[in-house]
Structures are given as structure tokens and as C-alpha cells.
Amino acid sequence: MTNIIDALHWRYATKTYDLTKKLDSTQVDMLIESVRLSPASFGLSTYKLIHVKNTETREKLKAAAWGQTQISDASDFLVFAAKTNLGEADINEFINDVSETRNVPVESLTGYADMIKGSVGSRSSEENIVWAAKQAYIGLGILLTAAALEKIDATPMEGFDSAQFDEILGLSALNLKSIVVVAIGYRSENDTYSSLAKVRQSKQNLMIEK
Ligand SMILES: Cc1cc2nc3c(=O)[nH]c(=O)nc-3n(C[C@H](O)[C@H](O)[C@H](O)COP(=O)(O)O)c2cc1C
């Protein structure tokens, strides 16, 4: 098995993808599965993952992301989108899922359901979108790690116009808002970024011991 630290040294935010190299569906499914298995606060589903397959749509999204070529040129392109109307229906659905999956009566989960409803209900919709975005970033982080371990290149990206993405992908009608996106595929041999030394803060700078 690849050492995880070696994998994290190997990975970099790919700037130029090899147009001729595509991931197969098993690889894409594995990365999607890594997001699905990511932990989330309460275990609640607060975001969706959109696999943009249409070439023309990807060109439009590129234009709404300052022309960043990863969006059109990577093998695959995924958008993390937060639910904008998170509420009781989502929580009830989740609780029913817990009940069925673990074979426990829904009534035994009332306290848990009420706690989640209290937490979600105590925040404004804007605050819940921020909360959902935090969960999405955990999924993104796990996808990036899974990709690195499998020697799949990836680019996490925030450099795009969220409102334009929502418009192009019709997300508002689905009660979703684009948060962060990721291109996945294989680096081009000509990507000079692949040989740049990693710039990271030192452990001493990162750590505070109490
Ligand atoms: C949340 C997030 C958003 C980012 N947005 C972009 C982006 O829009 N375009 C891009 O080329 N790189 C983007 N990056 C990549 C970072 O610039 C890169 O991870 C950082 O410079 C460290 O370099 P490395 O990942 O290549 O080691 C983003 C990274 C993260 C984590």
C-alpha cells in the first residue's frame, strides 16, 4: 500500500491535464465512494455531488472560472453543492435511514432527531449553508487523499463564480448552491507545477502545545 505521506508529497494541484488520458468508471466511482463515506456532523447529508459530464456545459463553467483549463481538460469534473433549504424533511429522511439501516425503531431515535432539529433550526439558512459547506470540504479532503493514494491527479478549486455556476447547472431550482469543485484525471507531462517544491509551514509553526 502506498505510504500516505508519500502520496501527499506526490499530489499537487494540477494545472494542466493530459487530454488523452481518461479515468475509467471504476476509478471515478471509487472517488465518489470516498466522498459518500466521508464523515459529517451528526451524519446528516447536507450537500450533493454533481458529476458534470456534458462537454459544452464544462466549457461554460470554465468561462465562469476565469478560463481555468482544468475544468474542461481534466478527465472528470465534480461540483460540491450545499443544500440551501436544509430542514426537518432532511432530518426525518436521515432518521428513517438510520432506523432502517440499523434496524431500530424510529421512536428510539426521537431524542437524536430533536437534537439535530434543534441545532439546524437554531441557525439561519445562510448559516446552515456555511455549515453544509464545511461538511463538503471534509468530503473534498477525503477525495483528494483517496486520489493521491491511487495516483490520480486532482485540483481542488474555489476560483469560480458560484452564482454563474448555479445558473449554468440549474442548481437554484434544486435548492443547491455550488461551494467548491474538483477536477480529476492525469497531469500533462508539460505541467511545470508538478516539479515545484511544496511550500508548507513548518511543524513548529503549525503546532501549539498546551
Ligand atoms: C479550497 C481550495 C481552493 C483552491 N482553488 C484553486 C483554484 O481555483 N485554482 C487552482 O489552480 N488551484 C486552486 N487550489 C490549489 C491551491 O492553490 C494549492 O493546493 C496550494 O497552492 C498548495 O499547492 P499544492 O496543492 O500543489 O501542493 C485550491 C486549493 C484549495 C484547498
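Structure: above.
Residues numbered from 1 in each chain as written. Predicted model: local features only at pLDDT ≥ 70, side-chain atom pairs only at ≥ 80, totals over all residues. Heavy atoms only, no water.

Considering the pairing of strand E3 (residues 153–157)
Counted residue by residue, E3 has 4 buried out of 5 residues, so it is predominantly covered. For E3 and strand E4 (residues 176–185), the ladder comprises 5 bridges, and the chain directions are antiparallel. For Met 157, the partnering residue across the bridge sits in E4 and is Val 181. (Buried < 20%, exposed > 50% of the residue type's maximum accessible area, 1.4 Å probe, protein only. Helix = DSSP H or I, 4+ residues; strand = E, 2+ residues; numbered from the N terminus. Pairing = 2+ DSSP bridges.)

Thoughts on the packing of aromatic side chains
Throughout the structure, instances matching the rule amount to 5 aromatic pairs. With a centroid separation of 5.9 Å and 45° between ring planes, the pair formed by Tyr 47 and Phe 80 is classed as tilted. With Tyr 47 in strand E1 (residues 47–51) and Phe 80 in strand E2 (residues 76–83), this pair connects stretches of sequence that are 33 residues apart. When the centroid spacing of 4.4 Å and the interplanar angle of 35° are considered together, the rings of Phe 160 and Phe 165 count as tilted. Classification of Phe 165 as buried rests on a relative accessible area of 0%. (Phe/Tyr/Trp six-rings, centres within 6.5 Å; stacked < 30°, edge-to-face > 60°.)

Regarding the sheet that holds E4
Strand pairing within a sheet occurs via backbone hydrogen bonds; the two strands may be parallel or antiparallel. What the 4 strands build is an open sheet, ordered E1-E2-E4-E3; its pairing is antiparallel. The open sheet has two edge strands with one neighbour each: E1 and E3. Averaged over all neighbouring strand pairs, the angle between strand axes comes to 25°, with direction disregarded. Its contacts with the sheet place helix H7 (residues 125–149) against E1, E2, E3 and E4, and it is angled at close to 5° to E4. (Axes fitted to C-alpha atoms, helices over the stretch in contact; angles between N-to-C directions. Contact = heavy atoms within 4.5 Å.)

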